Amino acid sequence: MDTESWAIETDFRAALKGPIWALAFSKDGTVLHAGGIENIVYSWPLADLASFDPMATETPQFLKKPEEMSNGERQFARKCSICHALSEEGGRKAGPTLYKVFGRQAGTLPGYPYSETLIGSDIIWSAETINQLFLDGPDHYIPGSKMPMQRIVKPEDRDDLIDYMRTAGAGGATEGETQ
Ligand code: HEC
């Protein structure tokens with residue numbers, strides 16, 4: 001990350017499978033250790049990150065190659081899909097499905113174990129509120145929520161993400177009103 005703007009500078013795949021849940025620097029600061037759902041710690045030499053391909057592997061990370069996705073789809077794949085589906089069934093993910101989330105009152109998908117913050121919230125999800133959620137970050141917009149801190153700094157990335165979500169299953173009751 002560029003710590004001035006909090007924008008991502010270098011984006012790479014740090015583990016073969018699944019999300020990364022823990023990161024730690026070596027004592028001398030030259031190596032970054034990453035751990036996730038596998039019983040493996042990956043160690044990345046930071047000095048060379050720009051010049052080598054950390055996970056050159058045959059297994060694609062997503063069903064589609066990132067370069068074949070629209071920017072909005074790529075935003076969703078990288079930043080949301082590990083925890084959220086856009087399909088009605090939702091699958092087994094940490095977060096509630098975002099199917100028809102536009103127009104949904106926060107914290108109201110039946111059967112999902114929401115935090116108290118979302119259960120008591122009067123937010124209605126729309127292009128505006130989802131934009132605000134990732135402009136401020138969940139830790140500011142819905143403090144106490146179980147959703148981890150994450151900001152999407154570039155306005156066009158938020159716009160593309162929201163447009164993609166709307167066409168890929170999230171469009172609901174307020175569709176059209178929120179343009
Ligand atoms: C590491 C997991 C994780 C990631 C990544 C994540 N979320 Fe979430 N999200 C959650 C969890 C958990 C909740 C439920 C929060 C609660 O109950 O406080 C949630 C809740 C939400 C809600 C509220 C849904 C509702 O029914 O009220 C929206 C909207 C949302 N996320 C959108 C997104 C978008 C868009 C992204 C990608 C930019 C994203 N999330 C990334 C875990 C995640």
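All of the points below concern the structure found in this document. (Residues numbered from 1 in each chain as written. Predicted model: local features only at pLDDT ≥ 70, side-chain atom pairs only at ≥ 80, totals over all residues. Heavy atoms only, no water.)

## Some remarks on the coordination of the iron atom of the ligand
Inference 1: Protein ligation of the iron atom of the ligand involves H84 (NE2) and M147 (SD), the donor distances falling in the range 2.0 Å.
Inference 2: With six donor atoms in place around the iron atom of the ligand and angles of 87 to 178° between them, the coordination shape is octahedral. Taken together, the residues span a long stretch of sequence, with H84 in the loop between α1 (71-79) and α2 (116-119) and M147 in the loop between α4 (138-141) and α5 (155-170) at a distance of 63 residues.
Inference 3: In this structure H84 comes out as buried when scored by relative accessible area, which is 11%. (Donors = N, O, S within 2.8 Å, 3.2 Å for Na, K, Ca; no water. Tetrahedral: all angles 85-135°; square planar, octahedral: opposite > 155°, others 65-115°. Helix = DSSP H or I, 4+ residues; strand = E, 2+ residues; numbered from the N terminus. Buried < 20%, exposed > 50% of the residue type's maximum accessible area, 1.4 Å probe, protein only.)

## A few points about the site of the ligand
Inference 1: The full set close to the ligand counts 25 residues, and C80, C83, H84, S115 and M147 are the nearest of them.
Inference 2: Interatomic distance of 2.5 Å between a side-chain N/O atom of Y114 and an oxygen atom of the ligand.
Inference 3: Class assignment for the residues of the shell around the ligand results in 16 nonpolar, six polar and three charged. (Near = heavy atom within 4 Å. Polar contact = N/O pair within 3.5 Å; in protein donor to acceptor, adjacent residues only side chain to side chain. Nonpolar A, V, L, I, M, F, W, Y, C, P; charged D, E, K, R; others polar.)

## Comments concerning the packing of aromatic side chains
Pairs of aromatic rings are described using the distance from one ring centre to the other and the angle between the two planes.
Inference 1: Counted by the stated rule, this structure contains four aromatic pairs.
Inference 2: Seen from their ring centres, Y42 and W44 are 6.4 Å apart, and the 5° between their planes marks the pair as stacked. Assigned by exposure class, Y42 and W44 land together as buried.
Inference 3: One residue, R166, lies across the ring of F102, its end atom 5.4 Å from the ring centre. (Phe/Tyr/Trp six-rings, centres within 6.5 Å; stacked < 30°, edge-to-face > 60°. Lys NZ or Arg CZ within 6 Å of the ring centre and 35° of its normal.)

Spatial relationships are all this shows, so hold off on functional conclusions.
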